[in-house]
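Take a look at the letters that make up each chain.
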Amino acid sequence: MDSTTLRENFKDKKRIVVKVGTSSLTHPETGLTDLITMEKLVRELTDLHNRGKEVILVSSGAIAVGRKTIGMKERPTRLSTKQACASIGQARLMMMYQKLFMEYNQVAAQILMTKNTLVNGENRMNARNTFEMLLTMGAIPIVNENDTISTYEIQFGDNDTLSAVVAALVQADLLILLSDIDGLFTDDPNKNPQAQFIEYVEHVDRHFEKMGKGSASDVGTGGMSTKLKAAKLATSAGADMVIANGADMGIIHRIVDGQRAGTVFRANRTEDFYLIDYLDEPTA
Ligand code: GLU
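Residues numbered from 1 in each chain as written. Predicted model: local features only at pLDDT ≥ 70, side-chain atom pairs only at ≥ 80, totals over all residues. Heavy atoms only, no water.

Asker: I'm lost on the nonpolar core in this one. Help?
Answerer: Inside soluble globular proteins, nonpolar side chains tend to come together where they are buried. Counting 47 residues, the largest nonpolar core has M113, F131, V143, V166, L184 and F265 as the members making the most contacts within it. Elements represented by at least two residues in this core include exactly β2 (54–59), β3 (108–113), α7 (121–136), α8 (159–169), β5 (174–179), β6 (184–185), α10 (224–237) and β9 (240–245). Setting aside residues no more than four positions away along its own chain, L184 makes contact with Q196, F197, I198, V201, F208, M211, M224, L228, T263 and F265. I176, I255, V256 and A261 belong to the second largest nonpolar core, which has 36 residues in total. (Core = buried A, V, L, I, M, F, W, Y, C linked by side-chain atoms within 4.5 Å. Buried < 20%, exposed > 50% of the residue type's maximum accessible area, 1.4 Å probe, protein only. Helix = DSSP H or I, 4+ residues; strand = E, 2+ residues; numbered from the N terminus. Contact = heavy atoms within 4.5 Å.)

Asker: For this particular structure, what's the right way to read the pairing of strand β1 (residues 15–20)?
Answerer: Looking down a regular strand, the side chains alternate between one sheet face and the other. With six of six residues buried, β1 lies mostly within the body of the structure. Residues R15, V17 and K19 point to one face of β1 and I16, V18 and V20 to the other, with burial holding for every one of them. In terms of strand pairing, β1 meets β2 through six bridges, oriented parallel. Directly across from K19, in β2, lies its bridge partner V58. Inspection of the sheet shows β1 paired to β5 by five bridges, in the parallel sense. Each residue of the ladder has a partner; that of V20, found in β5, is L178. (Pairing = 2+ DSSP bridges.)

Asker: What should I look at first to understand the pairing of strand β4 (residues 140–145) in this one?
Answerer: The buried fraction of β4 is high, at six of six residues. The alternating pattern of β4 places I140, I142 and N144 on one face and P141, V143 and E145 on the opposite face, and all of these are buried. With two bridges connecting them, β2 and β4 associate as parallel partners. The partner of V58 across the bridge, within β4, is V143. By the bridge criterion, six bridges tie β3 to β4 in an arrangement that is parallel. By the bridge assignment for β4, M113 is matched with E145.

Asker: Can you walk me through the packing of α8 against α10 in this structure?
Answerer: When two helices pack together, their arrangement is given by the angle between their axes and by how far apart the axes lie. At their nearest, the axes of α8 and α10 sit 8 Å apart, and the two run at 5 degrees to each other. Relative to α10, α8 is oriented roughly parallel. Across the interface between the two elements, D160, T161, A164, V165 and A168 from α8 touch T226, K227, A230, L233, A234 and A237 from α10. When grouped by side-chain class, the residues that make up the contact of α8 with α10 number seven nonpolar, two polar and two charged. (Axes fitted to C-alpha atoms, helices over the stretch in contact; angles between N-to-C directions. Parallel < 35°, antiparallel > 145°, perpendicular 65-115°, else oblique. Nonpolar A, V, L, I, M, F, W, Y, C, P; charged D, E, K, R; others polar.)

Asker: Looking at this model, I keep getting lost on the side chain of S150. Mind explaining?
Answerer: Looking at the element boundaries, S150 is found in the loop between β4 and α8. Its relative accessible area of 1% is what places S150 among the buried residues.

Asker: In this structure, what is going on with the pattern of salt bridges? I would like to understand it.
Answerer: Once their charged atoms are close, side chains differing in charge can pair, the charge on each being opposite to the other. Using the criterion set out here, one finds 14 salt bridges in the structure. When the shortest N-O distance is used, the salt bridge between K99 and E103 registers 3.3 Å. A residue pair is termed a helical-turn pair when its members lie 3 or 4 positions apart in one helix, as K99 and E103 do in helix α5 (residues 79–103) at four residues. (Salt bridge = Lys/Arg side-chain N within 4 Å of Asp/Glu carboxyl O.)

Asker: Whenever I open this one, the sheet that holds β5 confuses me. Can you help?
Answerer: In any sheet, the strands associate via hydrogen bonds between backbone groups, in a parallel or an antiparallel arrangement. Taken in spatial order, the eight strands of this open sheet run β3-β4-β2-β1-β5-β9-β10-β8, and their pairing is mixed. Each edge of the sheet is formed by a strand with only one pairing partner; in this case those strands are β3 and β8 (200–201). Here α10 sits on the sheet and contacts β5, β9 and β10 (263–265); the angle it forms with β9, its principal contact strand, is near 155 degrees.

Put into structure tokens, the structure is as follows:
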């Protein structure tokens, strides 16, 4: 299937996960919340919902919002500091989302997960049931890692992975990863002007995995390598995926309308797909 046909099908997708990174939600100059972007994001998601789609948002930003709330200049490195910032920031972040979603008469719900939520079969089933029930109720689940309690042993570490995990868990049809880059390039376009944009990935193989580079951003934790891992996970679970630039949140409806935006990855459902196989061992 060519990418045009694949994108045309996006109009019919029923269950859509959208992931937004800290870099899209904050102003680079100050690190403070970009309220206009956040407001547009909420409007776009509400509109998808109004079109009859089931929508799940995976939002980063807890640590960044917490850090700014207490006036911390440097990005926290100690685990306990990150956890405390996340605790303050997650509540603030949800307060902002609740306020904005309420303006559009939408019910937002919070789900915080750790890796244990998936590794433990009972927890995994409970999480899946909760998602299903919230979607049946017409709510928009807003997901983040439970940074406040997740230590190295039980953390995903980045929300690119988390969003692919959520897409797999709820058997979403489409995952949209919004970042500060237009999509996948043959090399880091910030460093190599010759880097070529890749519009379509039919199969995430070793060739593509090698293109992953680390994070260039001062706020997020995901780089291209976590996005490619997420693509491997989500496509193997049976979801199409798009990596696109969240600088203009209007890109969400353009993607769902089938327009050419970002890099699209085609679903390649693995018959014996088992979510746990795709999670990394703890690194620290
Ligand atoms: N869970 C982290 C937060 O909300 C973000 C992780 C990420 O940037 O991928 O701050």
